[in-house]
Amino acid sequence: MINLLKTSIAAFAVSILAACATPATNETVDTSEKIAASMEGKMTDDGTVVVCRSMQVTGSRFPAKECKSEKVWKEFDAIMAENAKSSTDRIQRVNSGCANGPC
């Protein structure tokens, strides 16, 4: 009985691991994900040059190298700037005026 239970648990674990390792067939890969560090300086489909940056990863001492086209980097920088601006604005609004105490 115990051997049957151990065998069934092992078979279940193997089937779960096999399902996790199997890639989905209908996934599409973005062109920015296909760019590798070896492509730095080359042209992309949209006519821009591939640029690599060293990005600091939270929780790691080692930076990650990310490579994207110039067009994608411009969009990334614009999004990051907007996020920083909205976060700063939100903090300044919450920590000023009547929000901190009696007016």
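Residues numbered from 1 in each chain as written. Predicted model: local features only at pLDDT ≥ 70, side-chain atom pairs only at ≥ 80, totals over all residues. Heavy atoms only, no water.

- As annotated in an unreviewed UniProt entry, the protein chain carries the name Putative lipoprotein and comes from Hyphomonas hirschiana VP5.

1. What about the pattern of salt bridges?
Here is step 1: Counted by the stated rule, this structure contains four salt bridges.
Here is step 2: In this structure, the salt-bridge partner of Asp77 is Arg53, at a minimum N-O distance of 2.9 Å. In this pair, Asp77 is assigned in helix α3 (residues 70-94) and Arg53 in strand β1 (residues 50-55), connecting sequence segments 24 residues apart. (Salt bridge = Lys/Arg side-chain N within 4 Å of Asp/Glu carboxyl O. Helix = DSSP H or I, 4+ residues; strand = E, 2+ residues; numbered from the N terminus.)

2. Description of the side chain of Thr44
Here is step 1: By secondary structure assignment, the location of Thr44 is in the loop between α2 (31-34) and β1.
Here is step 2: Discounting residues that sit within four places of it in the chain, Thr44 has contacts with Ile35, Val50 and Ser69. (Contact = heavy atoms within 4.5 Å.)

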